[in-house]
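Geometric and topological summary
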Amino acid sequence: NIVNDEKTLQQSYEALKNAKFLALDTETEGINFALDRMLGFGIGDSENQYYIVFDAIGTSVLQSFLNDLYSNAEIIFQNAKFDLGVLEKSYLPVPKIFHDTMIMAWLLDENASIGLKNMAKRYLFRSPKTYKEMAEDAFMKTDSEKINILGEYCCADVKNTIDLYILFVDLLDKENLTDRKSNV
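Within each chain, residues carry numbers counting from 1 in the order of the written sequence. Side-chain atom pairs in this predicted model are given and counted only at pLDDT of 80 or more, local residue features only at pLDDT of at least 70, and totals for whole chains, interfaces and linings cover all residues. Where side-chain values are given, they derive from all heavy atoms of the structure, hydrogens and water being excluded.

Counted at 1.5 Å a residue, the expected span for helix α2 (residues 59–70) with its twelve residues is 16 Å, and the 16 Å between its end C-alpha atoms agrees. The rule is simple: take the accessible area with a 1.4 Å probe, protein chains only, and divide by the maximum for that residue type; under 20% is buried, over 50% is exposed, in between is partly exposed. Runs of E in the DSSP output that reach at least two residues are strands. Runs of H or I that reach at least four are helices, and both are numbered from the N terminus. When α2 is considered as a whole, its buried residues turn out to be L62, F65, L66, L69 and Y70. Around the axis of α2, the buried residues are gathered within 130 degrees of arc, so they sit on the same side. Whether two residues are in contact is decided by their heavy atoms: any pair within 4.5 Å suffices. The inward-facing, buried residues of α2 abut α1 (6–16), β2 (21–28), β3 (38–44), β4 (49–53), β5 (74–77) and α3 (80–89). Multiplying 1.5 Å by the residue count of a helix minus one yields the expected span of that helix. An arc is given here, and it is the one of the directions from the helix axis to the C-beta atoms.

With that settled, the discussion passes to unusual backbone geometry. Not every positive phi belongs to a glycine, and N79 is a case in point at roughly 75 degrees. Its location among the elements puts N79 in the loop between β5 and α3. Here the phi dihedral of F125 falls at roughly 60 degrees; this positive angle occurs in a residue that is not glycine. With respect to the element layout, F125 can be found in the loop between α5 (116–124) and α6 (131–138). The class for F125 is exposed, based on a relative accessible area of 70%.

So, about the pairing of β4. A large share of β4 lies buried, amounting to five of its five residues. Residue alternation in β4 divides its side chains into two sets, Q49, Y51 and V53 and Y50 and I52, and both sets are buried. Both strand β1 (residues 2–3) and β4 contribute to a ladder of two bridges, which runs parallel. Paired with V3 across the strands is I52, a residue of β4. Paired strands, in this sense, are two strands between which DSSP finds at least two bridges. Relative to β4, β3 is paired through five bridges, and the arrangement is antiparallel. Counted as the bridge partner of F41 is I52 from β4. Taking the residues between adjacent antiparallel strands as the criterion, β3 and β4 are bridged by four residues.

Take a side-chain nitrogen of Lys or Arg and a carboxyl oxygen of Asp or Glu: if they are within 4 Å of each other, that pair is a salt bridge. Per the counting criterion, the structure on display carries eight salt bridges. For E29, the salt bridge is made with R37, and the minimal N-O distance between the two is 3.2 Å. Residue R37 is joined to D55 by a salt bridge in which the shortest nitrogen-to-oxygen separation is 2.5 Å. With a gap of 18 residues between them, R37 in the loop between β2 and β3 and D55 in the loop between β4 and α2 connect regions that are remote in the sequence. The class for R37 is partly exposed, based on a relative accessible area of 35%.

Any functional reading would require information that these geometric values do not contain.
Right, dumping it as structure tokens:
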């Protein structure tokens, strides 16, 4: 679901406002959060994922949207260091309570690949598109088509992140590696 105006932003809020856990993933022009501009971010639970086009909605509106969601939900990232840096650089709030599936995966097996695509294949038996495949799909497309392709890619990452979190909490609990009072 692509969100590019305040009406669809409100609809996404209504769908997510009661979630206890939400995954958030940022998309940028490159891989250096200190230098690259945010294009948008995905947010959602296992059932509903939304891609918010950053330049289409005012920063103050997005700040309120995220703060409202943060007040009810714990936020899940895959590589929180990157996404938190992008949010801060873009003047968007960061959550007080968050979890990182990359760290959780490392706790489960420090020798395995902890990249999102590899973990989605290994644990969820899914075959998500790589960034390179997404970029190839977007080549020579209109701006609107590019946004849809990036949104689909980002929403798949959000779904994989939240689903991995749900699985990892159970696996970490079985190994006595969680403390529900602290962030993982």
